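Close look at the chain arrangement
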Amino acid sequence: MKDHSSATVTTTITADRVIGLALGALGVLAFSMSLPATRVAVQQLDPWFVAFGRAVGAALLAWAYLHFTGAPRPTRSQWRRLSIVALGVVVGFPLFTSLALTTQTSAHGAIVITVLPAMTAVFAVLRAGERPPLLFWVASGGGLVAVLAFLITSGAVHGALSSADLFLLVAVVLCGLGYAEGGGLARELGGARTICWALVLSLPVTLLITIVAASGHPPRADAAAWSAFGYLTTISMFLGFFAWYGGLARGGVAKVGQIQLAQPVLTLLWSALLLGEAVTPASIGAALVVLACVVLTQRTRAARATDQDGTRRGDPRAEVLSAR
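Residues numbered from 1 in each chain as written. Predicted model: local features only at pLDDT ≥ 70, side-chain atom pairs only at ≥ 80, totals over all residues. Heavy atoms only, no water.

Before going further, it helps to examine the overall build of the chain. What the chain contains, in helices and strands, is 14 helices and zero strands. The order of α-helices and β-strands along the chain, N terminus first, is α-α-α-α-α-α-α-α-α-α-α-α-α-α. Looking at the chain residue by residue over its 324 residues, the buried ones come to 50%. For the chain, restricting intrachain contacts to residue pairs at least 6 apart in sequence, the fraction spanning at least 24 positions comes to 89%. Taken as a whole, the chain presents about 14,300 Å² of accessible surface, with 68% of it coming from carbon and sulfur. (Helix = DSSP H or I, 4+ residues; strand = E, 2+ residues; numbered from the N terminus. Buried < 20%, exposed > 50% of the residue type's maximum accessible area, 1.4 Å probe, protein only. Contact = heavy atoms within 4.5 Å. Areas by Shrake-Rupley, 256 points an atom, 1.4 Å probe, with all protein chains shown as cover.)

Another point: a nonpolar patch on the surface. Among the surface-exposed residues, Val122, Leu126, Leu134, Leu135, Trp137, Val138 and Leu296 lie close enough to one another that they form a single nonpolar patch of about 650 Å² accessible area. Mapped onto the nonpolar patch, the elements with two or more residues apiece are helix 6 (116-127) and helix 7 (134-153). Its relative accessible area of 35% is what places leucine 296 among the partly exposed residues. (Patch = residues over 30% accessible without salt bridge, like charges linked within 9 Å, V, L, I, M, F, W, Y side chains within 5 Å. Salt bridge = Lys/Arg side-chain N within 4 Å of Asp/Glu carboxyl O.)

Tallied over the entire structure, the rule returns 14 aromatic pairs. Taken together, a centroid distance of 5.7 Å and an interplanar angle of 85° make the contact between tryptophan 226 and phenylalanine 229 edge-to-face. A residue pair is termed a helical-turn pair when its members lie 3 or 4 positions apart in one helix, as tryptophan 226 and phenylalanine 229 do in helix 10 (residues 223-251) at three residues. The structure contains a cluster of three or more aromatic residues connected by ring pairs, namely Phe31, Tyr179, Phe241, Trp244 and Tyr245. (Phe/Tyr/Trp six-rings, centres within 6.5 Å; stacked < 30°, edge-to-face > 60°.)

Within the largest apolar cluster, 63 residues are counted, with the highest numbers of intra-cluster contacts made by Val89, Val90, Tyr179, Leu199, Phe241, Trp244 and Tyr245. Apart from the residues within four sequence positions on either side, tyrosine 179 is in contact with Phe31, Val89, Leu116, Thr120, Phe241, Trp244, Tyr245, Leu248 and Gln260. (Core = buried A, V, L, I, M, F, W, Y, C linked by side-chain atoms within 4.5 Å.)

Structurally, the position occupied by alanine 25 is in helix 1 (residues 2-31). In this structure, the C-alpha to C-alpha distance between alanine 25 and glutamine 258, residues 233 residues apart in sequence, is 9.9 Å.

A pair of packed helices is characterised by two quantities: the angle between their axes and the separation of those axes. Running from N to C, helix 2 (residues 34-42) and helix 12 (residues 263-275) point in directions that differ by 35°, and their axes come no closer than 8 Å. Packed against helix 2, whose contacting residues are Leu35, Pro36, Arg39 and Val40, the element helix 12 presents Thr267, Trp270, Ser271, Leu274 and Leu275 at the interface. Considered class by class, the residues forming the contact of helix 2 with helix 12 number six nonpolar, two polar and one charged. (Axes fitted to C-alpha atoms, helices over the stretch in contact; angles between N-to-C directions. Nonpolar A, V, L, I, M, F, W, Y, C, P; charged D, E, K, R; others polar.)

All told, the structure shown has two salt bridges when counted by the stated rule. If you follow the salt bridges from partner to partner, you end up with Arg81, Glu181 and Glu188 in one network.

Across the chain, pLDDT averages 81, with 80% of residues at or above 70. Taken as a whole, residues 301-324 scores under 50 in pLDDT and shows 36 contacts with residues more than four places along the chain or in a different chain. (pLDDT = per-residue confidence, 0-100.)

In this section: the packing of helix 4 (residues 76-100) against helix 9 (residues 191-216). Running from N to C, helix 4 and helix 9 cross one another at 75°; their axes reach a closest spacing of 8 Å. With respect to helix 9, the axis of helix 4 lies roughly perpendicular. Taking contact as the criterion, the partners of Trp79, Leu82, Ser83, Val85, Ala86, Val89 and Val90 in helix 4 are, on helix 9, Thr194, Ile195, Trp197, Ala198, Leu199, Leu201, Ser202 and Thr206. Class assignment for the residues of the contact of helix 4 with helix 9 results in 11 nonpolar, four polar and no charged. (Parallel < 35°, antiparallel > 145°, perpendicular 65-115°, else oblique.)

In a regular helix each residue adds 1.5 Å, so 27 residues correspond to 39 Å; helix 8 (residues 163-189) covers 37 Å between its end C-alpha atoms and thus fits that length. By the largest-angle criterion, glycine 183 marks the main kink of helix 8, which is about 25°. The element helix 8 is extensively covered by neighbouring structure, given that 19 of its 27 residues are classed as buried. Taken from the residues just after helix 8, glycine 190 is the one with a positive phi, measuring 95°. (Expected span 1.5 Å × (residues − 1). Bend = angle between axes of the 7 residues up to and from the residue.)

Okay, helix 10 next. The largest bend along helix 10 reaches roughly 50° and is located at phenylalanine 241. One side-chain oxygen at the N-terminal end of helix 10 lies 3.2 Å from the backbone nitrogen of alanine 224; it belongs to aspartate 222. Following helix 10 by one or two positions, glycine 252 adopts a phi angle in the positive range, close to 100°. (Polar contact = N/O pair within 3.5 Å; in protein donor to acceptor, adjacent residues only side chain to side chain.)

All right, on to the environment of methionine 119 then. Structurally, methionine 119 is set in helix 6. Residue class for methionine 119 comes out partly exposed when judged on its relative accessible area of 22%. Separated by 56 residues in sequence, methionine 119 and cysteine 175 have C-alpha atoms that sit 8.5 Å apart. Among all residues touching methionine 119, those that are not within four sequence positions of it are Val172, Val173 and Gly176.

Turning our attention to the environment of alanine 124. Note on placement: alanine 124 falls in helix 6. Under the relative-accessibility criterion, alanine 124 is labelled buried at 0%. For alanine 124 and glycine 176, which are 52 residues apart along the polypeptide, the C-alpha to C-alpha distance reads 8.7 Å.

Structure follows, in C-alpha cells:
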C-alpha cells in the first residue's frame, strides 16, 4: 500500500510538471506578441490609455469570471500579495513598455526582456522560497547569452542607453516580481483567480487613469491599432495569465520561468509578420540553442531543505498534497 501510494504521488508530480511546462509555454506564446501589439497600438493611441485601458477591459472580464465561478474572496494576507502582483503585471509592465515603445521598436524591446527569466528566478528565490542549483543558473545564463548574442549580431542593438531602455528595465524588474509572487500565490488561489483578483484590485486606479488619459487624448485609431489593443486586453492581460500562472504554480516559478528565454525570438518573429522586420536564418539557430538551454533547466532539480514531516520545502509533492 505504501509503495502504491508513493508511485501514485510520483506519477502526480510528473504529470504536474508536464502540465506546468505546457501551460507555461502557452503563456509565453501569448505574451510573445505583447510588444509588437503594444508597438502597433501606441502609434495611434496614448500610451497611458493603452497601458491602463487594457487593464480596465481585462478587469471587467475578470469580474465576470469570478462572479460566474463563485470564487471565494482572498484572505487578508493574500490581498497583500495580490497588490504585489498588480504592481508588477497589471500596472508596471504595461505602463513602462507602452512608454518605451512609443520611441523604440518591439525588436529592441525584445533585447531587454531577455533578462526577464533571470529576474523571475531571482524573485522566485526571494519571494517563493525556491533554491535552484548551480547548473540551473548556468543553463539560464547560457540561454540569456545566446539570445543576446543573436539580437546583437542581427542588428537589433543600436545606440546608447536611452530613457526607453530605462523604462524597459524597470518594466522587467516589476514584471519579474509580479511573475514570482503570482506564481507562488497561484498555488493557493489557482492561476486564473490570481490574475483575476489582481485585476479587480487594480480597477479603481486603472479606471481613473484611463478616464484621465482618454479625456486628455480622445482615443482615435484605425482597425489595426484597435485590434492590437483588443489583443493586449483579452490575451496579454487576461487569458495568457490563466496559462502562465497555472504553469508557474504546477511546475515551479524558477523552472517554468525559464521558458521565457524563447520569448525574444518569438517576439522578433511576430515583429516580422506584423511590422515587416526581416527574420534571418540566424534566428533558427538561436531558437535551437535557447530550446536546448530551456530543456537543460528543466532537467535540473532545485535543492530544497527537508521539512520535519519528511516532505521537502518547495517539493511539488507537498504542493500537490496541500492543494487537496
